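# Topology and contacts: notes
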Amino acid sequence: MSKLAIIGGSGLSQINGLKITHRQQLETPFGTPSAEFMHGNIHTQDIIFLARHGNPHSIPPHKINYRANIWGLKELGVTDIIAVAAVGGITAAMAPAHIALPDQLIDYSYGREHTFFADNLDTVTHIDFTFPYNQQLRTGLIQAANNANQLISNTGTYGCTQGPRLETIAEIKRMERDGCDLVGMTGMPEAALAQELDINYAAIAVVANWAAGKSIGVISMTEIEHHLKNGMSNVNSLLYSFILNRYQT
Ligand code: HPA
């Protein structure tokens, strides 16, 4: 049986229609997760929600204990994760407030605890990571967007930077040459850790701003908050439609 978790990022601290039934604190062999796991339901579908940056929103991207978060979800029996993340838009379609479902990624982050396969191993383990995002979940999200008449991008390459600072113009130019459409700070190692534990993982990226150099002037936090607010209300509708389609019997 499948069990869904949603990891919420900046701007998504709650989900419309999610009735919280209880909260659960968990310790893992890899430390403490970002926040209590919130158990709840949308209609009859049980869902677990985790606030990636903590509750209140206080853990920066490079300090998130990604291993504890993913391990905790696995312990709770989660089979599917939809990860929501704010991003900067690099290529033309990725305008502020737009939603994209990345299908590829490039990891530019460093110094993060990025694998469960580090210590006390019987054998060296390499996971396949050809497809970092689960195609079935992505197809479900694409269908949900179609049903809800939402215009989204069905593909895109996500570049994960270290943060917490935003990028320079030269860094964004390089990422664009590399093939990135979107830039964010939390996509890795989250996606790889989920794959290591055999959890289906897909991401909904919400564009908060044009990436550095893609609009005139500097990037303001006010601008980011404004676009995130609009984008996240669309994410909420998308999630709602996705859950009804996929998990309702
Ligand atoms: N860069 C990296 N991460 C982000 C951005 C950005 O421009 N906007 C939102 N998250």
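Let me sum up the structure you'll find in this document.

## Regarding the packing of aromatic side chains
Per the stated rule, a full pass over the model turns up four aromatic pairs. Relative to Phe116, the ring of Trp71 lies with its centre 5.4 Å away and its plane at 55°, an arrangement referred to as tilted. You can see Trp71 sitting in helix α1 (residues 66-75) and its partner Phe116 sitting in the loop between β7 (104-107) and α2 (135-147), a full 45 residues away along the chain. Overall, Phe116 belongs to the buried group, its relative accessible area being 9%. An aromatic cluster is built from Phe30, Trp71 and Phe116, whose rings are joined through pairwise contacts.

## Some points on the nonpolar core
Among the nonpolar cores identified, the biggest contains 77 residues, and Ile6, Ile81, Ile82, Val84, Ile204, Leu239 and Phe242 are the most heavily contacted of them. If one sorts the elements of this core by residue count, helix α5 (residues 221-247) sits on top with nine residues. Aside from chain neighbours lying at most four places away, what touches Phe242 is Leu4, Ile82, Leu137, Gly140, Leu141, Ala144 and Tyr247.

## Observations regarding the pairing of strand β10 (residues 200-210)
The buried fraction of β10 amounts to nine of the eleven residues, a majority that puts the element mostly inside the structure. Two strands pair when backbone bridges link them, and strand β5 (residues 80-89) and β10 are joined in this way by ten bridges, in the parallel orientation. By the bridge assignment for β10, Asp80 is matched with Asn200. Examined bridge by bridge, strand β6 (residues 99-100) and β10 share two bridges and lie antiparallel to one another. The residue of β10 that forms the bridge with Ala100 is Ala205.

## Details of unusual backbone geometry
Excluding glycine, most residues fall at negative phi; most peptide bonds, likewise, are trans. In this model, Asn55 is joined to Pro56 through a cis peptide bond whose omega is 5°. Counting through the fold element by element, Pro56 comes out in the loop between β4 (45-51) and α1. With omega at -5°, the peptide bond leading from Gly163 into Pro164 counts as cis. If you trace the backbone, Pro164 turns up in the loop between β8 (157-160) and α3 (169-178). With phi around 50°, Asn120 is a residue other than glycine that occupies positive phi space. When you line up the elements, Asn120 lands in the loop between β7 and α2. When its relative accessible area of 81% is taken as the criterion, Asn120 is described as exposed.

## Focus: the side chain of His227
The residue His227 is located in helix α5 in this model. If we skip the residues at most four places from it in the chain, His227 touches Pro96, Ala97, Val207 and Ala208.

## Remarks on the site of the ligand
The environment of the ligand is formed by Ala86, Val87, Gly88, Leu166, Glu167, Val183, Gly184, Met185 and Asn209. Measuring from a nitrogen atom of the ligand, one finds a backbone N or O atom of Ala86 at 3.4 Å. One nitrogen or oxygen atom from the main chain of Gly88 is found 3.4 Å from a nitrogen atom belonging to the ligand. Compared with its free state, where it exposes 260 Å², the ligand has 93% of that area covered by protein. Most atoms of the ligand, that is more than half of them, are within 2 Å of grid points of the largest pocket. Counting only elements with at least two residues in the shell around the ligand, the list comes to β5 and β9 (182-184).

Calculation notes
Residues numbered from 1 in each chain as written. Predicted model: local features only at pLDDT ≥ 70, side-chain atom pairs only at ≥ 80, totals over all residues. Heavy atoms only, no water. Phe/Tyr/Trp six-rings, centres within 6.5 Å; stacked < 30°, edge-to-face > 60°. Helix = DSSP H or I, 4+ residues; strand = E, 2+ residues; numbered from the N terminus. Buried < 20%, exposed > 50% of the residue type's maximum accessible area, 1.4 Å probe, protein only. Core = buried A, V, L, I, M, F, W, Y, C linked by side-chain atoms within 4.5 Å. Contact = heavy atoms within 4.5 Å. Pairing = 2+ DSSP bridges. Near = heavy atom within 4 Å. Polar contact = N/O pair within 3.5 Å; in protein donor to acceptor, adjacent residues only side chain to side chain. Areas by Shrake-Rupley, 256 points an atom, 1.4 Å probe, with all protein chains shown as cover. 1 Å grid on protein atoms, 1.4 Å probe; cavity = no way out; pocket = protein on both sides within 12 Å on 5 of 7 lines; lining within 4 Å. Sits in = over half its atoms within 2 Å of the grid points.

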